[in-house]
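Breakdown of the fold
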Amino acid sequence: MDQIEFLQLIAPFKDKVFRLAKRLLISTEEAEDATQEILGKLWNKNENFHTLNSVEAFAMTMTRNYCLDQLKSKRAGNIKIDHDNYADQSPQLDIMLEDEDSISWVERIINQLPEQQKIIIQLRDIEQYEFDEIAKIVEMNETAIRVALSRARKTVRQNMTKIHSYGIE
């Protein structure tokens, strides 16, 4: 496989790899590094792609594992939290601020979820993966994924309801 074929193969999902890495690592810089590392590893394994059912699922699994390893390492303690990628082009300032605040709260709540729920909600609700694809990536059965996703959504919903009911800032 040459470089052009490889780039055509990974083009449809390389942004998903980055977004999953960003969700897990928080830092844009760390997510970019993780994405580069995963793509490099994929390039080194490109001769074995014919044995895989889904290169995308393999890449997402690699991303998840790599990011979890990074979070366990000591250097993950120095990650900078930077959320500047949610700029809304709405002309109404009050709506823009309210949207940013809600996104910020949802992100905080998702980041407090257990690791498994965090990954599943990212893959299903943000990346729009099907349950069978998520099952391959996280190596769980679909029923367990549905339960974990339901619990994660319920936690997010309950916490957002508390925030809006009590006016927490």
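Whatever comes next refers back to the structure up there.
Figured I'd write up the structure that's included with this text. (Residues numbered from 1 in each chain as written. Predicted model: local features only at pLDDT ≥ 70, side-chain atom pairs only at ≥ 80, totals over all residues. Heavy atoms only, no water.)

**Remarks on the pattern of salt bridges**
Tallied over the full model, the rule gives six salt bridges. For the salt bridge of R19 with E127, the shortest nitrogen-to-oxygen distance reads 2.8 Å. One end of the pair, R19, is in helix α2 (residues 14-25); the other, E127, is in the loop between α6 (115-126) and α7 (131-138), and 108 residues separate them in sequence. For R19, a relative accessible area of 34% translates into the label partly exposed. Of the residues examined, E127 reaches a relative accessible area of 5% and is grouped as buried. With its nearest N and O atoms 2.5 Å apart, the salt bridge here joins D125 to R153. With D125 in helix α6 and R153 in helix α8 (residues 142-166), this residue pair connects regions lying 28 residues apart in the sequence. (Salt bridge = Lys/Arg side-chain N within 4 Å of Asp/Glu carboxyl O. Helix = DSSP H or I, 4+ residues; strand = E, 2+ residues; numbered from the N terminus. Buried < 20%, exposed > 50% of the residue type's maximum accessible area, 1.4 Å probe, protein only.)

**A few points about the packing of helix α4 (residues 55-72) against α6**
The geometry of α4 relative to α6 is characterised by a closest axis approach of 13 Å and an angle of 140° between their N-to-C directions. Two packed elements cross with a definite hand, and for α4 against α6 that hand is right-handed. For the pair α4 and α6, contact is made by M60, R64, L68 and L71 and by E115, I119 and L123, respectively. In the contact of α4 with α6, the residues fall into five nonpolar, no polar and two charged. (Axes fitted to C-alpha atoms, helices over the stretch in contact; angles between N-to-C directions. Left-handed = near helix turned anticlockwise from the far one by under 90°. Contact = heavy atoms within 4.5 Å. Nonpolar A, V, L, I, M, F, W, Y, C, P; charged D, E, K, R; others polar.)

**Some points on the packing of aromatic side chains**
Overall, the coordinates contain two aromatic pairs when judged by the stated rule. Look at F6 and W43: their rings are 5.1 Å apart centre to centre, the planes differ by 75°, and that puts the pair in the edge-to-face class. Note that F6 is positioned in helix α1 (residues 3-10) and W43 in helix α3 (residues 28-44), a separation of 37 residues in sequence. When its relative accessible area of 6% is taken as the criterion, F6 is described as buried. For W43, a relative accessible area of 31% puts it in the partly exposed group. Every member of this aromatic cluster is reached through a ring pair, and the members are F6, W43 and F49. Just above the ring of Y129 sits the side chain of K16; from NZ or CZ to the centre is 4.8 Å. In this arrangement the basic side chain of R108 is found over the ring face of W105, its NZ or CZ atom lying 4.5 Å from the centre. (Phe/Tyr/Trp six-rings, centres within 6.5 Å; stacked < 30°, edge-to-face > 60°. Lys NZ or Arg CZ within 6 Å of the ring centre and 35° of its normal.)

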